[in-house]
Amino acid sequence: MIKLGEISINDKTSLVEARNKIRILAEELKFGSITATRMATTSSEISRQMMNTGQASSIKLALDKRGGRYGLVLQFITQGRPSSAVSIALLQTVFDYFEVSQIAEGSESIKNFKFLHDPEFKPTAEFIDRAMAIIQHLTLEELVKVVKRRTTELEAKTVELEQTNIRLQEASSHKSQFLASMSHELRTPLNSIIGYTKLMLDGLEGALNEEQRKDLQTVYTNSKHLLNLINDLLDLAKIEAGKMVVCHQTFTVSELLAEVIPTIQQLAEQKGLHFAHFVPPNIDNLYADKVKVKQVLINILANAVKFTNEGSVTLNVADDDSDFTFSVTDTGIGIRKGNLEMIFDSFKQVGPANIAGYEGTGLGLTISQQFIEMQGGRIWAESELGKGSTFTFTLPKQKAAAS
Amino acid sequence: MGDGVEKEGAVKKILVVDDKEDSRRLVRKVLTPHGYAVVEAASGEEAIHMSLTELPDLILMDVRLPGGIDGLEATRRIKALSQLTHVPILAVTASVLPADAQKALDAGCDAFVRKPIEIDELPKLVAKHIRRASAVN
């Protein structure tokens, strides 16, 4: 509720004044002159009846919302029981709602509400100032003072906001700096862990027995996983800091696939899965961020392989006048309906959650979604539990700026 | 195997610059089986000195080095020497910032290797840059 002011009624003069103020305010609120006049005369009539009970009274004015729409609130407050003395019927003819209540011992309120004609009305600071000025009956000089005070306040606020903005930018830059050096510090020991483990696995330090090989493979897989996690976290932090830049370039679908298919083919073969991809012969060239598109494609293809134990993984690429569509279908474990919405959220791996063999950082799809949306595309998933999933993303066709 | 030995039998020499002994040892263990001779420097200053005395065929230069001369400064100084200007220098860094990659290239590095190093890829990259440098000369 936005309080606009209060008018005291204690004599005939104040009654006339109240009538004028309410009429002017009602006109300001675009009620139309007939409604404004009726509202004003009804209010002064009610006030007169209340005054006749011999008690001091007042009218509080405010703006309030009912069902998302603004209306004017006129609240009559008096000692005694005005509801028995005043003509309720009169109020009903003017207002949309009214409510009689006891606000204190021996004091009663009649609160009336009338919707503004304009359902879209939103009170601005200037409007509230003007309304308050009407009710308080400010002189022009006083009005100027109010405006000046508000201007000063606004100027102070602006300076404050600018300072806050600078502080936030500094904090964000410190955070990025911290993440960059953290990532550097974490990669340095990982260089030794991953490097020496690989050296031994490759047999460069002598033959390994089966048990040693298995143990070292575990070290290697887990250290690679840790590295992926660091990479993903860094990506996500960059996205959140708004530092992720989209670099568009022109490239062909086959160029893109040449960098993706061998890795996926190998992963699929390791699990005995059939991997196929279909691309129409005359597909247009892409104009997009190749690195990011590649990362997304690898992510959803690797996911498909990861969550499929038998059958196939299929990539379909297509285009129409406006978009490219990449979709990856698998015959894997699938995703429960209720979980489809959640899979793009950070750190959520759903389905038969967190079972051994399905480890991941849980950030891949979040990053994929961000990368695709950054380029004006969409990504979504369809799935049936136990039958498989289809992940699809689109990229709008954009032409390199002809300059 | 044997990328470092040319048909004439001249063994290619690689200078590995890193302040951490285990990082240097790792690169040595990765490159030696490919027939390279590996020499090591632990600071920027030492790197410049050894470039002149050892005349390596390629330098793997860690960017972040303690002391006054970091990897970028060492690269600038080595590239400024006429007898060494043709020696390919690969910057090695754990940084993922594109700005750092650019700085390395601006300093005169021929390429950029990210830590953790891919030990299957490193010998190929080294061989490629040595081939390219000898083709130019």
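Predicted, not measured: the structure shown is a model, and the values here were computed from it. Throughout this description, residue numbers start from 1 for each chain and increase along the sequence as written. Throughout, the order in which chains and ligands are written sets their labels, letters from A for the former and numbers from 1 for the latter. Under the rules for a predicted model, residues below a pLDDT of 70 receive no local features and side-chain atom pairs below 80 are neither given nor counted, while totals for whole chains, interfaces and linings still include all residues. Working from all heavy atoms in the structure, the side-chain values ignore hydrogens and water.

(A) Main features of the sheet that holds strand S9 (residues 312-319) of chain A. Residue and element names in this part refer to chain A. Whether two strands pair comes down to DSSP finding at least two bridges between them. Secondary structure elements are taken from DSSP: a helix is a run of H or I of four residues or more, a strand is a run of E of two residues or more, and numbering for both begins at the N terminus. Pairing within the open sheet is mixed, and its five strands lie in the order S7-S9-S10-S12-S11. Each end of this open sheet is capped by a strand with a single partner; those strands are strand S7 (274-278) and strand S11 (378-384). Across the sheet, the axes of successive neighbouring strands diverge by a mean angle of 10°, strand direction being ignored. As judged from the seven bridges shared by strand S10 (residues 323-330) and strand S12 (residues 388-396), these two strands associate in the antiparallel manner. From the neighbouring strand, Thr325 faces S12, where its bridge partner is Thr394. Across the sheet, helix H9 (residues 261-270) is in contact with S7 and S9; its angle to S7 comes to roughly 150°. Lines fitted to C-alpha atoms define the axes here, with helix axes fitted over just the stretch in contact, and angles between the N-to-C directions of these axes take values from 0 to 180 degrees. We call two residues in contact when some of their heavy atoms are within 4.5 Å.

(B) Layout of the packing of aromatic side chains. Residues and elements named next belong to chain A. Classification of ring pairs uses Phe, Tyr and Trp, with its six-membered ring standing for Trp, and accepts pairs whose centres are within 6.5 Å; under 30 degrees between planes counts as stacked, over 60 as edge-to-face, and the remaining range as tilted. Within this structure, the stated rule accounts for seven aromatic pairs over all chains. Note on Tyr70 and Phe121: the rings are 6.1 Å apart at their centroids and 85° apart in plane angle, and the pair reads as edge-to-face. Of this pair, Tyr70 sits in strand S3 (residues 69-79) while Phe121 sits in the loop between strand S5 (107-115) and helix H5 (125-136), and the two are 51 residues apart along the sequence. In this structure, Tyr70 and Phe121 share a single accessibility class: buried. An aromatic cluster is present here, built from Tyr70, Phe121 and Phe127 joined pairwise through their rings. Note on criteria: charge over ring means Lys NZ or Arg CZ within 6 Å of the ring centre, with the direction from the centre no more than 35 degrees off the ring normal. In this structure, Arg66 is placed above the aromatic ring of Tyr97, and the distance from its NZ or CZ to the ring centre is 3.8 Å. Between the NZ or CZ atom of Lys397 and the centre of the ring of Phe324, over which it lies, the distance is 5.1 Å. Residue burial is assigned from relative accessible area. The probe radius is 1.4 Å, only protein chains are included, and a residue is buried under 20% of its type maximum, exposed over 50%, and partly exposed in between.

(C) Just the confidence of the model for chain A, in detail. Predictor confidence is given residue by residue as pLDDT, running from a minimum of 0 to a maximum of 100. When pLDDT is averaged along chain A, the result is 84, and 90% of the positions lie at 70 or above. Every residue in residues 350-357 of chain A scores below 50 in pLDDT, and together they form eight contacts with partners more than four places removed in sequence or on other chains.

(D) Spotlight on the interface of chain B and chain A. Facing 21 residues of chain B, the contacting portion of chain A comprises 20 residues. Buried area is a sum: the accessible area each of two parts loses on coming together, probed at 1.4 Å, counted once for each and added. For the chain B and chain A pair, buried surface summed over both sides reaches about 1800 Å², with 60% attributable to carbon and sulfur atoms. Considering only the side of chain B, the residues that lose the most area to chain A are Leu26, Arg64 and Pro116 of chain B, jointly responsible for 29% of the buried surface there. In the sections that follow, a salt bridge refers to a side-chain nitrogen of Lys or Arg positioned within 4 Å of a carboxyl oxygen of Asp or Glu. Taken together, chain B and chain A are joined by three salt bridges. Among the salt bridges present, the one from Glu185 of chain A reaches Arg64 of chain B, with a minimum N-O distance of 2.9 Å.

(E) How the structure looks around unusual backbone geometry. Cis geometry marks the peptide bond from Lys115 of chain B to Pro116 of chain B, where omega comes out at 0°. In this fold, Pro116 of chain B is placed in the loop between strand S5 (111-114) and helix H5 (122-136). A positive phi angle, near 65°, is found at Lys30 of chain A, a position not held by glycine. In this fold, Lys30 of chain A is placed in the loop between helix H1 (12-28) and helix H2 (33-52). Positive phi, normally seen in glycine, also occurs at Leu55 of chain B, with a value near 45°. You can see Leu55 of chain B is positioned in the loop between helix H2 (44-54) and strand S3 (58-62).

(F) The arrangement of the packing of helix H7 (residues 210-240) of chain A against helix H11 (residues 364-374) of chain A in detail. Residues and elements named next belong to chain A. Between H7 and H11, the shortest axis-to-axis distance is 10 Å and the interhelical angle comes to 40°. It follows from the interaxial angle that H7 and H11 lie oblique. Handedness of the crossing formed by H7 with H11: left-handed. Residues Asp232, Asp235, Leu236 and Ile239 of H7 form the contact with H11, whose participating residues are Gly364, Thr366, Ile367, Gln370, Phe371 and Met374. Each angle receives one of four descriptions, namely roughly parallel if under 35 degrees, roughly antiparallel if over 145, roughly perpendicular if within 65 to 115, and oblique otherwise. Crossings are classed by handedness, with left-handed meaning an anticlockwise turn of the near helix from the far one by less than a right angle and right-handed meaning a clockwise turn.

(G) Examining the nonpolar core more closely. Residues and elements named next belong to chain A. Each nonpolar core is a collection of buried residues, namely Ala, Val, Leu, Ile, Met, Phe, Trp, Tyr and Cys, held together in the definition by side-chain atoms within 4.5 Å. Residues Leu297, Leu301, Leu315, Phe326, Phe393 and Leu395 are the most contacted members of the largest nonpolar core, which totals 43 residues. Tallying contributions element by element places helix H10 (residues 290-306) first for this core, with seven residues. Core analysis: the second largest hydrophobic core is formed by 34 residues, Leu61, Leu63, Leu116 and Ile128 among them.

(H) How the structure looks around the environment of Asp11 of chain A. Residue and element names in this part refer to chain A. Relative to the helices and strands, Asp11 is located in the loop between strand S1 (2-9) and H1. Judged by its relative accessible area of 36%, Asp11 is partly exposed. Placed 37 residues apart in sequence, Asp11 and Arg48 show a C-alpha to C-alpha distance of 8.9 Å.

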